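# Examination of the molecular architecture
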Amino acid sequence: MRFLGRMLAASAAGFAMVLVTAPVALAVEGDCNNDGVVDDTDKQLILGAVGTAAGDPGFNAAADLDGDGVISGQDVSMFAKIYGAQN
Ligand SMILES: [Ca+2]
Ligand SMILES: [Ca+2]
């Protein structure tokens, strides 16, 4: 039983690691609603967030593709490149 306990502890640790690392590993650039795909929904989200800055209501950090803290035409243009490459 001691071995089984150790196995369970090891799997629990592994599971916790997956939970911690998964969001980073699965992050898809341009995926604003975090559903794993870049599609029209993300396009609507990013267009709807244009003009917002970090801290504003409606600001979506996932839509800030260049990471400068504001959703601007630059982010839309980056999104268009990603979206265009996938569709
Ligand atoms: Ca998406
Ligand atoms: Ca930006």
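Note that the structure is predicted; figures quoted are calculated from it, not measured.

Procedures and definitions
- Residues numbered from 1 in each chain as written.
- Chains lettered and ligands numbered in written order.
- Predicted model: local features only at pLDDT ≥ 70, side-chain atom pairs only at ≥ 80, totals over all residues.
- Helix = DSSP H or I, 4+ residues; strand = E, 2+ residues; numbered from the N terminus.
- Buried ≥ 20, exposed ≤ 12 C-beta atoms within 10 Å, placed from the backbone.
- Axes fitted to C-alpha atoms, helices over the stretch in contact; angles between N-to-C directions.
- Parallel < 35°, antiparallel > 145°, perpendicular 65-115°, else oblique.
- Contact = placed C-beta atoms within 7 Å.
- Nonpolar A, V, L, I, M, F, W, Y, C, P; charged D, E, K, R; others polar.
- Core = buried A, V, L, I, M, F, W, Y, C linked by C-beta atoms within 7 Å.
- pLDDT = per-residue confidence, 0-100.

### So, the overall build of the chain
Secondary structure assignment for the chain yields three helices and zero strands. Traced from its N-terminal end to its C-terminal end, the chain shows the element sequence α-α-α. Here the chain, with 87 residues, has 14% of them falling under the buried criterion.

### Some remarks on the environment of A53
Its location among the elements puts A53 in the loop between α2 (40-49) and α3 (73-86). With 15 residues separating them in the primary sequence, A53 and D68 have C-alpha atoms 9.0 Å apart.

### Focus: the packing of α2 against α3
Put simply, α2 and α3 touch, their axes get as near as 10 Å, and they point 170 degrees apart. Between α2 and α3, the angle falls in the class roughly antiparallel. Residues K43, I46 and L47 of α2 pack against D75, V76, F79 and Y83 of α3. Class assignment for the residues of the contact of α2 with α3 results in five nonpolar, no polar and two charged.

### So, unusual backbone geometry
For N34, which is not glycine, the phi dihedral falls at a positive 60 degrees. The partly exposed category is assigned to N34, around which 13 C-beta atoms lie within 10 Å.

### Observations concerning the nonpolar core
Within the largest apolar cluster, seven residues are counted, these being C32, I46, A49, A63, L65, I71 and F79. In contact with L65, other than residues within four places in its own chain, are E29, G30, D75, M78 and F79.

### Let's talk about the environment of D42
Its place among the elements puts D42 in helix α2. In this structure D42 comes out as buried when scored by C-beta crowding, with 23 C-beta atoms within 10 Å. Ignoring anything within four residues of it in the chain, the contact list for D42 reads G30, D31, C32 and N33.

### Some remarks on the confidence of the model for the chain
For the chain, the mean per-residue pLDDT works out to 84, and 71% of the residues sit at or above 70. Per-element averaging of pLDDT across the chain places helix α1 (residues 2-26) at the bottom with 60 and α2 at the top with 97.

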